[in-house]
Amino acid sequence: MSRETSLVTADWVAQNLNNPKVVIVEVDEDTTLYAQGHIENAITFHWREDLQDGVIRDLISKEKFEALLSKSGISNDSTVVLYGGNNNWFATYAFWYFKVYGHADVRLLDGGRKRWELDARPFVTEVPGRAIAKYVAKERDNSIRAYRDEVIAAIGVKNIVDVRSPAEFSGELAAPAHLPQEGGQIKGHIPTAKNIPWSKAANEDGTFKSDVELKEIYQSAGVDLATDTIAYCRIGERSAFSWFVLHELLGVNNVKNYDGSWTEYGSLVGVPVALGA
Amino acid sequence: MRTCGATPGGPSLDGIDLTKQTVIQGVILKDGTDGSVPNGTAVTNGHVRLLDSTGEFTAEVPTNLDGQFRFFAAPGSWTLLVQAPGARVEESVLAEQGRPTDLIIHI
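Residues numbered from 1 in each chain as written. Chains lettered and ligands numbered in written order. Predicted model: local features only at pLDDT ≥ 70, side-chain atom pairs only at ≥ 80, totals over all residues.

1. As for the overall build of chain B
Basically, it comes down to this: Put simply, DSSP H or I for four residues or longer makes a helix, DSSP E for two residues or longer makes a strand, and each gets a number counted from the N terminus. Comment: burial labels come from other C-beta atoms within 10 Å of the residue's own C-beta, placed from the backbone, where a count of 20 or more is buried, 12 or fewer is exposed, and between is partly exposed. Distance between backbone-placed C-beta atoms decides contact: two residues are in contact if it is within 7 Å.
A count of helical and extended segments in chain B gives zero helices and seven strands. Along chain B, helices (α) and strands (β) appear in the sequence β-β-β-β-β-β-β when read from the amino end. Within the span of chain B, comprising 107 residues, buried residues form 38% of the whole. In chain B, 51% of the contacts between residues at least 6 apart in sequence involve partners at least 24 apart.

2. Details of the confidence of the model for chain B
Residues and elements named next belong to chain B. Test applied: The predictor rates its confidence in each residue with pLDDT, a number between 0 and 100.
For chain B, mean pLDDT is 87; residues scoring 70 or higher make up 88% of the total. Summarising per-element confidence for chain B, the mean pLDDT is lowest in strand S3 (residues 57-62) (90) and highest in strand S5 (residues 76-84) (96). For residues 1-7, every residue scores under 50 in pLDDT, and the model assigns this stretch six contacts once sequence neighbours within four places are set aside. For this predicted complex, the interface confidence score (ipTM) comes to 0.79, while the overall pTM stands at 0.91.

3. Quick word on the pairing of strand S1 (residues 22-29) of chain B
All names here are of chain B. Stated precisely, the cut-off is as follows: At least two DSSP bridges between two strands are needed for those strands to be called paired.
For S1, a buried count of seven out of eight residues is recorded, marking the element as mostly surrounded by other parts of the structure. In terms of strand pairing, S1 meets strand S4 (residues 68-73) through six bridges, oriented antiparallel. Paired with Val23 across the two strands is Phe72, which belongs to S4.

4. Considerations on helix H5 (residues 89-100) of chain A
Residues and elements named next belong to chain A. Where we set the bar: An expected span of 1.5 Å times one less than the residue number is assigned to each helix.
If you check H5, its first and last C-alpha atoms are 17 Å apart, about what 12 residues at 1.5 Å a residue would give, namely 16 Å. Burial runs high along H5: 12 of the 12 residues are buried. The complete set of buried residues in H5 reads Trp89, Phe90, Ala91, Thr92, Tyr93, Ala94, Phe95, Trp96, Tyr97, Phe98, Lys99 and Val100. Once H5 ends, the next one or two residues include Gly102, with phi positive near 80°.

5. Notes on the nonpolar core
Applicable threshold: Think of a nonpolar core as buried Ala, Val, Leu, Ile, Met, Phe, Trp, Tyr and Cys residues chained together by C-beta atoms that fall within 7 Å. Domains are outlined according to an automatic or database domain assignment.
Counting 65 residues, the largest nonpolar core has Leu82, Ala94, Phe95 and Phe244 of chain A as its most contacted members. No other element matches the 10 residues that H5 of chain A contributes to this core. Counting only domains with at least three residues in this core, you end up with domain 1 (3-140) and domain 2 (143-265) of chain A. Beyond its immediate stretch of four places on either side in the chain, Leu82 of chain A contacts Val25, Val27, Ala91, Ala94, Phe95, Val106, Leu108 and Leu109 of chain A. Of all hydrophobic cores here, the second largest spans 26 residues; its members include Ala174 of chain A together with Val61, Leu80 and Val82 of chain B.

6. Here we look at the environment of Phe45 of chain A
Here Phe45 of chain A is to be found in strand S3 (residues 43-46). In this structure the C-alpha to C-alpha distance between Phe45 of chain A and Val25 of chain A, which are 20 residues apart in sequence, comes to 6.8 Å.

7. Focus on the interface of chain B and chain A
This is how the line gets drawn: Any residue outside Ala, Val, Leu, Ile, Met, Phe, Trp, Tyr, Cys, Pro, Asp, Glu, Lys and Arg is labelled polar, Gly included; the first ten of those are nonpolar and the last four are charged.
Each partner contributes residues to the interface: chain B has 18 residues there, and chain A has 20 residues. When residues in the side of chain B that touches chain A are grouped by element, the largest group, six residues, is from S3 of chain B. The class makeup of the residues in the side of chain B that touches chain A is 10 nonpolar, five polar and three charged.

8. Quick look at the sheet that holds strand S7 (residues 101-106) of chain B
All names here are of chain B. Inclusion rule: Each axis is a line fitted through C-alpha atoms, taken for helices only over the stretch in contact, and angles between the N-to-C directions span 0 to 180 degrees.
Across the sheet, three strands lie side by side as S4-S1-S7; this open sheet has mixed pairing. The open sheet has two edge strands, S4 and S7, and neither has a second partner. On average, each strand axis in the sheet is inclined to that of its neighbour by 20°, with strand direction left out of account.

9. Quick notes on the pairing of strand S2 (residues 47-51) of chain B
Residues and elements named next belong to chain B. The element S2 is extensively covered by neighbouring structure, given that five of its five residues are classed as buried. Because side chains alternate across S2, one face comprises the buried residues His47, Arg49 and Leu51, and the other comprises Val48 and Leu50, equally buried. Sheet topology note: the S2/S3 ladder contains five bridges and is antiparallel. Across the sheet, the residue bridging to Leu50 is Ala59, located in S3. Between the end of S2 and the start of S3, which pair antiparallel, lie five residues, with Gly55 showing a positive phi angle near 90°. Bridging between S2 and S5 involves five bridges; their strand directions are antiparallel. Residue Leu50 lies in a different strand from S5, and its bridge partner there is Leu80.

10. Topic: the environment of Asp66 of chain B
Relative to the assigned elements, Asp66 of chain B resides in the loop between S3 and S4. A C-alpha to C-alpha distance of 27 Å links Asp66 of chain B and Gly55 of chain B, two positions 11 residues apart in sequence.

11. A closer look at the environment of Val13 of chain A
Residue and element names in this part refer to chain A. One can find Val13 in helix H2 (residues 10-15). Classification of Val13 as buried rests on a count of 23 C-beta atoms within 10 Å. In sequence terms Val13 and Ile24 are 11 residues apart; their C-alpha atoms lie 8.5 Å from each other. In contact with Val13, other than residues within four places in its own chain, are Val8, Ile24, Ile39, Val81 and Leu109.

12. Comments concerning the sheet that holds strand S2 (residues 22-28) of chain A
Residues and elements named next belong to chain A. If you trace the five strands from one edge of the open sheet to the other, you get S1-S5-S4-S2-S3, paired in parallel fashion. Because the sheet does not close on itself, it has two edges, and the strands there are strand S1 (7-8) and S3. Here three bridges tie strand S4 (residues 79-83) to strand S5 (residues 106-109), and the two strands are oriented parallel to one another. Across the sheet, Val81 pairs through a bridge with Arg107, a residue of S5.

Below, the structure is given as structure tokens:
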């Protein structure tokens, strides 16, 4: 858990495009962009179609995860490099997901698709063929995943960090502004949550800020990282980004991603909700 | 391709309930001053970021194959930040519910 083991640069990826141990995966909510062009030899996972159960609201089962990775040619000893659009939101969600299922070596391309594009690096349209592998996942690691009852019990007790935009936190918007305004049944935020938007951790080009700058963001917001922390957003992908910052870049172990996030909490009957900044 | 009756910059608004949504949209075009591309070429590898009145990130989208983008915002003052290889442009906009804000931005 450090910048060196969890994050790779675009130069590193460019040098490892044909490294047989490396599997590059583009992850997004919409794989249209992948079809238009992607990093050479990258395969793609669709956030919903590949990574959501589809019947119940949950991650896919261990068996389905094993089947997905096996058919994608990913082995237990593969170095998986994730990247995507949307400032790597869904790629960091997938990173967290791979960690939930115990994958040993998973890394994130710093800056994702955007940095690659701003550098005017090449995209290709060829979809690589990969030999089927035999993947064996571990049981889910719930030490990095928070569920709703734990979140309700954490109000006023643990750090709760709402990483959505200020407009979503205050109740002005129900969803990020590039999406139709739908989400939880109501708007607002979890009481005692601090609003530290995910974007505070990123430079304008989508790459992460330095460790010193990242620590300062949480310290200046009054978050004591010695206390357990739960991060949430709307559907758990932006909070995976902030989870990545805390858990992987800053090495804070006691951090969980609440992937049910506001679409779950904002639809619960009778739970406390706060409005305003 | 924009359909007949579409707005001047952004994608078609067909199917969007403008009585409920506050739309900011547009198209990003090359100004062509560097001579490498014709003036008015759609920027298909751009990223458009929506910042709120305090400068805080609210959303970001890549431009589509026609150089277009769209946001569903709230009424008020916003800033658009356009990034593409070698270019960075900011533009202030005022959004209203019921009347889409539609822009043509040259970079």
